[in-house]
Amino acid sequence: MADFLDSEAEESEEEEELDANDRKKLKKYKALAESSEEEEEDDEERLREELKDLIDDNPIEEEPSDGEDSDSGSKKRKKHDDELDDRLEDDDYDLIEENLGVKVERKKRFKRLRRIQESDGEEEHVDEGLAREAIAEQLFDEDDENMERRSERSNKDHETYEEEEESDSDADDFIVDDEGRPIAQKKKRRKPIFTDASLQEGQDIFGVDFDYDDFAKYEEDEYEEDSEGEDYDDEVAEEDRGKNKKKTIKKKISKKTIFDLYEPSELKRGHFTDLDNEIRKTDIPERMQLREIPVTPVAEGSSELDDESEWIYKQAFCKQTVSQQDSLHISRDKHKKPITAVGKIKQTLEFIRNQQLEVPFIAFYRKEYVKPELSCEDLWKIYYFDERWCQLFNRKNKLQQLFEKMRDFQKTHINASSEVLDGIRIITDEDLERLKEVQTMEELKDVHMHFLLHYSHEIPKMQDENRRKEKEQKRHAREQELRQSLQAGEELNETFDDDVEEVEDQLKHAKDTGPYAMCRKAGVCAFAKRFGLTPEQFAENLRDSYQRHEVEQESVGPLDMAKQYLCPKFMTVEEVLHATKFVVARQLSREPLLKKCVREVFFERAKMDVHPTKKGIKEIDENHPCYTMKYLAKKPVKDLIGDQFLRLSMAEEDKLIEISISDHIDGNTSNSYIDEAKQLYQRDEFSKVVQEWNSVRAECVELALIKMVLPDLRKELKTVLLTEAKQFVLKSCCSKLSNWLKVAPYKPDIAEEYMYDDWSFAKGIRAMGLAYVPDYSQAAFCAITTVEGDVSDYLKLPNILKRKNFYRPDEKNLKMVDLKSLKNFIQTKKPHIIAIGGESRESLMLKTDVQEIVKELVDEEQFPLISVEIVDNELAKIYANSKKGAFDFKEYPGLLKQAISLARKMQDPLVEYSQLCSVDEEILCLRYHTLQEQLSKEDMLEHLYLEFINRTNEIGLDLNLTVQNTYTQNLVQFICGLGPRKGQALIKLLKQSNQRLENRTQLVTLCHLGPKVFINCSGFIKIDTSSLGDSTEAYVEVLDGSRIHPETYEWARKMAIDAMEYDDEEANPAGALEEILESPERLKDLDLDAFAVELERQGFGNKSITLYDIRTELNALYKDLRTPYRTPNSEELFDMLTKETPESFYVGKMVLATVVGISHKKPQGDQLDQANPVRNDETGHWQCPFCLKDDFPELSEVWNHFDAGACPGQATGVKLRLDNGLSGFIHIKNISDKHVLNPEDRVQIGQAIHVRIIKIDVERFSVDCSSKSSDLMDKNHEWRPRRDAFYDYEAEDKDNRRENEQKKVRSKQQYVKRVIIHPSFHNKSYAEVVKIMENMDQGEVIVRPSSKGSDHLTVTWKVTTDIYQHIDVREEGKENAFSLGQSLWIGNEEFEDLDEIIARHVNPMASCARELLSYKYYRDTGGGLKDKMEELLKDEKAKDSKKIHYLISASKSYPGKFLLSYLPKTKCRHEYVTVIPEGFRFRGQAFDSLNSLLKWFKDHYSDPVMGSTPGSTPNASTSIRTSGYDTPRGHIDSRVPEQHLSQSVRTSHYPNTPAYQGGYVNTPYTPSGQTPFMTPYNTPYSSQTPRYSQNTPSPNSSTSNINYQRTSTIKSVKDPNIHQIITPRLELEQTKNHYSSQKETVEWQMASDSWARRKPIHPSLRNPRAAGNDFPRNVNYTASTTGEVVSPCNQYAGENFRFRDHKSPRSIRSTPRTNTSPHSMNLGDATPLYDEN
């Protein structure tokens, strides 16, 4: 009030226009304002509130004095909603008279206040406290009225959406965000509506302005909506009683309302709000009211529908998506509708907008107007595009009003002559025309941004001007009204808050700042106009791709021109020119036509790059959905398919990849679109001035496009691509649901002889569902549902999952008990169909069991052959856990609820799926698509419900059945014209009235549906007229049970009469219809085309399709058009039971599997007869040639083994079990890239291994797999998903190389710097130490930190030039990580300190090395190169052939060893001499001097040698180790007797072990000689397992050269003092039948004799690392056909020799040697007898 009076006081001009009398009154108003300002702030607020509400001209209704009057009060309020009541209370009159100084005529008001006054003894003034209470009550009533009127007003606003009130800030009205959503205005400050503090607080919190008492009415009258007559009688009687009542104050009894009992969210959830009530009452289809932009009619005579139909045709049916969203085999043009579709679209919009007909109604009953161009899906698309059009149309109108206001403002205030000087752009008609041509929200945003660029600084001035004009108009109107009121002697009814609200409505505009505003104020815009083309002209050039407008050229250069525009802001020509370039670029970038052209080109030609982050490189493996697009280079966005971009965006959100869209755009005729654009802004002359201007213009174009336009378009493009990908996912979800819903109820195939009462299914079927979980400890349940879907009985089956052939009799008996119970259950209940939940593969077993039961019943009880089906149980599981399931079956366990749902699903899938369509929205829990979580919940729910709407209206709904049984109640909301609120009200009304719906007319008479809703829904609500029979007196219309709409009943009757050939006089339509339904074939004779022509002549329009539909419907009323149920095929069953999809399980996928067994092939009769068991002479046992079992003491036991059938046969492969329950199999040839005879050598039962699927057998639920390293690595991409056509292989290789380099760097672990004081210690790395030692003397020592950790040191000593030996020293007894240990260990020898190591260990070795280096036959061959040694030896041999020459050279490959090469005859032989602290070691023997070594060598050079290469020194171990993946299984112990050493001794260690880039564990194990004391094979030969004694030798011991043949078996001797090993017996028995001595070579005989003479050797050499690979290198190896290495013995045995201790085939089952590993692992010091060449 005070603000209003202040604003009035400021208007001094008003006072001058008034006469003296009016001035006097105004002065009193001012005095009142001044006094109110002096009061405290709280009092001022309260006074303003009370006055505002008291003087408000809103209607104020009566409040009944007690609860009994509430009904009548509400009726009166409804009756007087639109009547104004401007009467005031007495003290308000007093206040006005006091301030105005005049008497005002008073009107009577408020029964309640009169009662208060009378009860106080008829006092003149009302008690202040009571009056305040009365005012508060009045405020409640008034506010309720406000609320009701606001509700009505908001509803009207929805109906007239394009005629919204315009706020003061039109510009801000139109501001939108990046996604085109309007940014909300600054909210008005909410004015308090209650004086009571607590009520005001509640209103502030909940934001709801309502009358609590009014809503009590809804609670009381919840079930009395239809009894209006009774209410009216009660109201009259109440008024009569009220007159006779004594007028006394009654304290109002407070009643609990729904608002006291429930949260607002609960009320909203149950559709109990005032908005819900309004929707129920309004005669418009509910979904049309609830659409985000409600459906609005088009004004008569408007051409909007023509424009909209053209727009929808182009946008919805012609405009192509940026990415490929259609199926690849379908051309994009195929979906383009013909031009005739425009008329059909217009007609559809007429039905939707003007006639409020919903899509299902149009699709079923207006086919002539939409077919054949438009399908039902197209109609829904039109429905949603109509919403977009309304939004676009409304915003265009708002922006057009803004343009017009600005143009009017310019005409009034801007002098046209100052246009050039001030740089002001005048709005023209072309601007308005361009606005009208806008087709998309993006284009509209462009126009708006263009407007803001030029006129944003003028908007505040324009609004001030408009506000001033409006205020002036209001002031004149107020003055006129005041004069009329005073002259008539009436009271004031003016509202004084207008100006206050106006002030509060003003939004604060952004200040006119920013670079462009600064340049505009500096006058640079005028310079920008002299660049030769306006932005509009350049945009037209760009659109037409040629210079439509020639560039106007200035005579002076740009720098000279810039001098004219120097100003304090820009004081140099360079600054002026820079600012002008920015202005020109900004103007170009905001030009709508330019943005439109660039947008079209950019969206068509844009290319994207994808590169993974560090995290993505590791995490995006071949199972990741983005694997095929991990690296992309220049992929056109138009080539993106389906949901690809959504997957990429998700990966980008997870920081796995980076998506970048290139700025480069291919041109029309050149490589660059931007270069072409520059040419269109240049003048084709060669003068210096023109070239300078061309250069500046080119910079402007580049700045505009690259820096300003393209960044926005990139964001826009990403948004469009993301929207399209989500739309694809949404369509996929809807398609999947549609496929589920389109399945008809199951129709049993029962022979005619069974069609008596028990088995008849005319009214429906009885179904039995069986649900289980694959857990034997949990009971399964089955349930029988009646025809209506009710549960008639159920059965618990605790042991049904057990197997019939179980080995335990008691378990088997339990199973049989359950089967017997199930048989009795089926026999008693007689289901038409048995549905088993497809939870796992156990359902196949259950199906077989149930089918056997049914077969028994068929044979024994003459049952029909009941079908047993496996049904997808996903819906059943969700229903069992849903709130609906819990409400329907509170006491039932989850599995029983699943069984019920399975049975109901067979009865009617649509009804069962609808159980999830509740307010809890559990329908979203179903799995439609892997990316469905990325969609908005509201969009997905809305589109899923469309599928229910289409299908429900297709089959119709019987409301009487729904009222009787709530099972189908959720479908009512999907009936055309209805919705959750209207459907709920309809069902509630029918239940309350306790009446059946006997005909469709009662939808209006009984259910009070409005004409629009009735027209929409009546055809889809079917009434079972046959069930009514004689139970009703009403006329039964047989057509009410058909799809025929009531509007066409007359035509159906006419067709029936004509078909029956009745005369018009004796025609009985009802009888004709009944007869025609019995013999519908007579309808075929009707000429429906002629009938359609006649109807069209009579003005009914084209009804040809409708007539044919009527004939079809009369042939079969409400025939179910859904697809009949089909038993799932093998592939569908496979997906159902494995819970896999073709996207998640496919050929080539790498999975983890568990080994469950080894498969064998049993020998057949002929093979058994020809079997040749082999005896092992060492053990004396016989071996089976098939299963290789070798523990038979006698030969006869082997034959008994065959006869008993105990021999499993030869191994054929490995049996697997996958995580999803499938069984897998690896054929023996697919276990490894090398041949494997015994799978047990590679895998172990229970072991988890990685395999790749190479075949899927969906019928047998099995897969064939491969564990070959080549398949797992798949370097040629034969198995992995095919990569994208634009995959960037170069970038991937570059990243891989960088990663490998980083791994190498990381693998070189940084040593820990140590605090050790010793002259030989250096805190240096290996490379640094080597560099230091280059200039040091031979034998010098450096001690350095070790990379093995802080408890190790490395001693490096110089053997000779460029050869350094590194000795690992282990520390013990360390105080901390940096100090030196108290004891130092090299191997098993302990030292006290570094000095002792140097003195006792290093110096002796260095001395021995010096002795060798100074020996007369020492030669430097570059590090012990054998080729050079051979050359030198041959040279010496040529000089003197009689001698056996030998030479010595230091070995660089094995530091600390010296190569001893000699030439006995023609072949050079090479052995190694190792320097040790004790002297020299040669062939496993130690020598204290060089002379003794050489003497022994000369005596024994011809002895056979058992080793090939030297053992590694501490540093050389890494250099000689074959590459591969060390995958020892830690749970294997070398001491376990079942593990056989001989199998690991010579097993190659190669990199092709089944593994995947080292990333997986538990892969098939491939051991090597590098694996110490561990045998990774699970072999059953415990007697042959070597055991280690306590004195196990080191690798350097003299026993390290023993040759363990693959055929040998090691036996440990119990007496540790007797060192004896049983070597293979190599004496050759000459037998005439098998071999001849003539082929025996002298060389082999020498080796054999030498071998036989060998002394017994220490048995403890059982270290695989020491034994290594033991074949002599000089042997000429040959490979057998099985890929095995053949020993020299075997080689000769294959020809003419036979070993006396010949082993069985068991000896060739060890792991094969690979090509990449050496023939023997070199960890011994034995010297080879022959050269390996």
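First, a word on scope: everything that follows refers to the structure included in this document. Just so it is clear, the model here is predicted, and its values are computed rather than measured. (Residues numbered from 1 in each chain as written. Predicted model: local features only at pLDDT ≥ 70, side-chain atom pairs only at ≥ 80, totals over all residues. Heavy atoms only, no water.)

## A few points about the overall build of the protein chain
So, step 1. Scanning the protein chain from N- to C-terminus turns up 66 helices and 27 strands.
So, step 2. The 1733 residues of the protein chain split such that 50% are buried.
So, step 3. For the protein chain, the proportion of contacts with a sequence separation of at least 24, taken over those separated by at least 6, is 70%.
So, step 4. Accessible surface, the protein chain: about 86,700 Å² in total, of which carbon and sulfur atoms supply 49%. (Helix = DSSP H or I, 4+ residues; strand = E, 2+ residues; numbered from the N terminus. Buried < 20%, exposed > 50% of the residue type's maximum accessible area, 1.4 Å probe, protein only. Contact = heavy atoms within 4.5 Å. Areas by Shrake-Rupley, 256 points an atom, 1.4 Å probe, with all protein chains shown as cover.)

## Structural notes on helix H55 (residues 1195-1203)
Side chains three or four residues apart in an α-helix point the same way, a direct result of the helix having 3.6 residues per turn.
So, step 1. All of the buried residues in H55 are Val 1198, His 1201 and Phe 1202. Across the axial projection of H55, the buried residues extend over an arc of 100 degrees, all falling on one side.
So, step 2. In the core, the buried residues of H55 are packed alongside helix H54 (1165-1169) and strand E13 (1182-1183).
So, step 3. Looking at the residues trailing H55, positive phi occurs at Gly 1205, about 70 degrees. (Arc of directions from axis to C-beta.)

## Comments concerning the packing of aromatic side chains
So, step 1. Applying the stated criterion across every chain, the model contains 43 aromatic pairs.
So, step 2. Look at Phe 1134 and Phe 1145: their rings are 6.1 Å apart centre to centre, the planes differ by 40 degrees, and that puts the pair in the tilted class. Highlighted residues: Phe 1134 in helix H53 (residues 1130-1138) and Phe 1145 in the loop between H53 and strand E11 (1150-1161), separated in sequence by 11 residues.
So, step 3. The buried category is assigned to Phe 1134, whose relative accessible area is 3%.
So, step 4. Looking at Phe 1145, the relative accessible area reads 6%, which means it is buried. (Phe/Tyr/Trp six-rings, centres within 6.5 Å; stacked < 30°, edge-to-face > 60°.)

## Overview of the nonpolar core
So, step 1. In this structure, Ile 923 and Phe 948 are the most contacted members of the largest nonpolar core, which totals 124 residues.
So, step 2. It is helix H21 (residues 376-413) that provides the largest number of residues to this core, a total of 13 residues.
So, step 3. Discounting chain neighbours no more than four positions away, the residues touching Phe 948 are Leu 737, Leu 741, Leu 910, Tyr 913, Ser 914, Cys 917, Ile 923 and Phe 974.
So, step 4. Residues Cys 525, Val 701, Leu 710 and Leu 713 belong to the second largest nonpolar core, which totals 72 residues. (Core = buried A, V, L, I, M, F, W, Y, C linked by side-chain atoms within 4.5 Å.)

## Here's the deal with the sheet that holds strand E18 (residues 1341-1345)
So, step 1. Spatially, E18-E19-E20-E21-E22 is the arrangement adopted by the five strands of the open sheet, whose pairing is antiparallel. Where the open sheet ends on each side, the last strands, each with one partner, are E18 and strand E22 (1389-1391). Averaged over all neighbouring strand pairs, the angle between strand axes comes to 35 degrees, with direction disregarded.
So, step 2. Pairing of strand E19 (residues 1352-1360) with strand E20 (residues 1363-1372) involves eight bridges; the strand directions are antiparallel. (Pairing = 2+ DSSP bridges. Axes fitted to C-alpha atoms, helices over the stretch in contact; angles between N-to-C directions.)

## Details of the pattern of salt bridges
Note on pairing: side chains with opposite charge can pair once their charged atoms come close.
So, step 1. This model, assessed by the stated rule, comprises 73 salt bridges.
So, step 2. A salt bridge links Arg 548 to Asp 544, with the shortest nitrogen-to-oxygen separation between them at 2.8 Å.
So, step 3. Residue classification places Arg 548 among the partly exposed positions, given a relative accessible area of 43%.
So, step 4. In this structure, Lys 678 engages Asp 675 in a salt bridge whose closest nitrogen and oxygen atoms are separated by 4.0 Å. Of the two residues, Lys 678 and Asp 675 are both situated in helix H35 (residues 673-679); the distance of three residues between them amounts to about one turn of the helix.
So, step 5. A single salt-bridge network, built from bridges that share partners, covers Arg 291, Glu 304, Glu 308, Arg 353 and Asp 386. (Salt bridge = Lys/Arg side-chain N within 4 Å of Asp/Glu carboxyl O.)

## Considering the environment of Tyr 913
So, step 1. With respect to the element layout, Tyr 913 can be found in helix H42 (residues 909-914).
So, step 2. Along the chain, Tyr 913 and Leu 737 lie 176 residues apart, while their C-alpha atoms are 9.4 Å from each other.
So, step 3. Excluding its chain neighbours within four sequence positions, the residues that come into contact with Tyr 913 are Trp 740, Leu 741, Leu 875, Lys 905, Ile 923, Leu 926 and Phe 948.

## Quick word on a nonpolar patch on the surface
So, step 1. The grouping of Val 1312, Val 1315 and Phe 1378 at the surface amounts to a nonpolar patch, some 260 Å² of accessible area in total.
So, step 2. When you line up the elements, Val 1312 lands in the loop between helix H57 (1289-1307) and helix H58 (1326-1333).
So, step 3. On the basis of relative accessible area, Val 1312 is assigned to the partly exposed category, the value being 31%. (Patch = residues over 30% accessible without salt bridge, like charges linked within 9 Å, V, L, I, M, F, W, Y side chains within 5 Å.)

## Notes on the sheet that holds strand E27 (residues 1485-1487)
So, step 1. In spatial order, the strands read E23-E24-E25-E26-E27; together these five strands make up an open sheet with antiparallel pairing. Each edge of the open sheet is held by one strand with a lone partner, namely strand E23 (1445-1450) and E27. Adjacent strand axes in the sheet meet at a mean angle of 30 degrees, parallel and antiparallel pairs treated alike.
So, step 2. Note that strand E26 (residues 1479-1482) and E27 share three bridges and pair antiparallel. Directly across from Phe 1480, in E27, lies its bridge partner Phe 1487.
So, step 3. Running at roughly 145 degrees to strand E25 (residues 1469-1476), helix H59 (residues 1394-1413) makes contact with E23, strand E24 (1457-1463), E25 and E26 of the sheet.

## Structural notes on the environment of Asp 1362
So, step 1. Looking at the element boundaries, Asp 1362 is found in the loop between E19 and E20.
So, step 2. When the C-alpha atoms of Asp 1362 and Lys 1331 are compared, they prove to be 9.8 Å apart, with 31 residues separating the residues in sequence.

Remember that the coordinates give geometry; whether it matters functionally is a separate question.
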